[in-house]
There are 2 protein chains.
Amino acid sequence: MNQLPRTTRTTLKRLPKRGSHERETINQILDEGFICHVGFVIEGQPFVIPTGYARVGDRLIIHGSQASRMLRALKTGIDACVTVTLIDALVLARSAFHHSMNYRSVVILGRATLIDEREEKLAALFALSEHMIPGRWQEVRQPSEAELQQTTVLSMPIEEASAKIRTGPPLDDEDDYAMDVWAGVLPMRMIAENRLPDPRLQSGIEIPKYVIEYKG
Amino acid sequence: MNQLPRTTRTTLKRLPKRGSHERETINQILDEGFICHVGFVIEGQPFVIPTGYARVGDRLIIHGSQASRMLRALKTGIDACVTVTLIDALVLARSAFHHSMNYRSVVILGRATLIDEREEKLAALFALSEHMIPGRWQEVRQPSEAELQQTTVLSMPIEEASAKIRTGPPLDDEDDYAMDVWAGVLPMRMIAENRLPDPRLQSGIEIPKYVIEYKG
């Protein structure tokens, strides 16, 4: 399996068995999430900003307004960190100390580069749309030249990256297993239950299949 | 309403009407979420790490192993950023360009301080437990002195902070409203549907009411 390099910065010091540098593991987590948190530094102050993303091969794509402070900072090539976190479960142990969560996260360190070439930019925007809700792009109005101009698209290499994963039941101290306390796992997931039509929707438009089938 | 100070660093440059410095708005978002992303800088490199948290008054509490690289860095008082993001909906517009998400996020800038005094530390751990799943703390084994020693608890002031919120339907270009494309909002939420008992659970232990009623 394709392994990313282990750098000091991406190697877990604690609980190293929860860590992974396998590209397939990292890609699966990235493909399942849809919000990342981007870390960057301006005048010594770290900022962490949530944004959508998509993976295209071994690169992560983000986008936004050309006026965005984050994108303007990132496109100068400063050091950045992009983190994607999936919460899978609450883990209820018999002791307060051993309570935990099951989760899968990916941390990517690197520097972003601007995607400026028109076709490449459109392909990246298509990937972002498909990642958010597959099937949507082909139905909607495509970006105009002015909209393309107003949009900044950045790409970050998925090279210095690692995943961290916790799965399974609580791990209690041996003596605590005899306690009369319920212990176990509460799996959690994001769902989309409902579809609220736009108040200005044209009459007679049915909800498309890809929207009905969207599971979150 | 109690307003936090507007600093250059916490004032939105784009779409300022989406921003808020109201403490009540900020607190509501913090109380609803349960994972934050903590940004900090080591040797020039920003890191963004997910972790649980709780709010106690006008402070945010995080905790973890005393061996954690993040906590060891933060407790020296370096500049940090803590971000909490709630995803409320996908927003499907008639143009690719106007697709969005409804979300509520809080960004807190500041420096953490160590909570070392025993009673204050226990109170913070209680708050973390209650924030994760109310009612759990009183049932489980309390932290031993050794466990307390192994746990680092940090507190961050919620002073230089702001919220950012998007709500409502898509906002399309006026010409696009005539399009024959379904548009609207897909509300999303985290749910806990299931309870998986620990394989080593003692027989005859019923699932507690606060676990059954936990909604995520």
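Everything here concerns the structure above.
Residues numbered from 1 in each chain as written. Chains lettered and ligands numbered in written order. Predicted model: local features only at pLDDT ≥ 70, side-chain atom pairs only at ≥ 80, totals over all residues.

## Concerning helix H3 (residues 118–132) of chain B
Since one α-helical turn is 3.6 residues long, residues separated by three or four positions face the same way.
Residue and element names in this part refer to chain B.
Move 1: For H3, built from 15 residues, the straight-helix expectation of 21 Å at 1.5 Å per residue is met to within 8% by its first-to-last C-alpha distance of 21 Å.
Move 2: Those residues of H3 that fall on the buried side of the exposure criterion are Ala124, Leu125, Ala127, Leu128 and Met132. In a view along the axis of H3, the buried residues occupy a sector of 155°, so they form one face of it. Opposite its buried face, H3 presents the exposed residues Arg118 and Glu119, each directed more than 90 degrees away. (Helix = DSSP H or I, 4+ residues; strand = E, 2+ residues; numbered from the N terminus. Expected span 1.5 Å × (residues − 1). Buried ≥ 20, exposed ≤ 12 C-beta atoms within 10 Å, placed from the backbone. Arc of directions from axis to C-beta.)

## A short note on the sheet that holds strand S5 (residues 59–65) of chain A
Residue and element names in this part refer to chain A.
Move 1: Pairing in this open sheet of four strands is antiparallel, and the strands run S4-S5-S9-S8 from one edge to the other. In this open sheet, the two strands that pair with only one neighbour each are strand S4 (54–56) and strand S8 (113–114).
Move 2: Bridge analysis of S5 against strand S9 (residues 151–157) gives seven bridges, and the strand direction is antiparallel. Each residue of the ladder has a partner; that of glycine 64, found in S9, is threonine 152. (Pairing = 2+ DSSP bridges.)

## A word on the sheet that holds strand S8 (residues 113–114) of chain B
All names here are of chain B.
Move 1: Judged by pairing direction, the sheet is antiparallel, and its four strands sit side by side in the order S4-S5-S9-S8 without closing on themselves. Single-partner strands in this sheet number two, and they are strand S4 (54–56) and S8.
Move 2: Summarising the sheet, S8 and strand S9 (residues 151–157) pair through two bridges and their orientation is antiparallel. Its bridge partner being in S9, threonine 113 is matched across the sheet by serine 155.

## A word on the relation of the copies chain A and chain B
Move 1: For these two chains of identical sequence, chain A goes onto chain B by a turn of 180° and a shift of 0.0 Å along the axis, with RMSD 0.0 Å. Taken together, these values place the two copies in the relation of a two-fold axis. Looking at the rotation axis and the C-alpha trace of chain A, the residue lying nearest is Met190(A), at 2.1 Å.
Move 2: Take the interface residues of chain A: 100% of them recur as interface residues in chain B, which is what a same-surface contact looks like. (Least-squares fit on C-alpha atoms with pLDDT ≥ 70 in both. Contact = placed C-beta atoms within 7 Å.)

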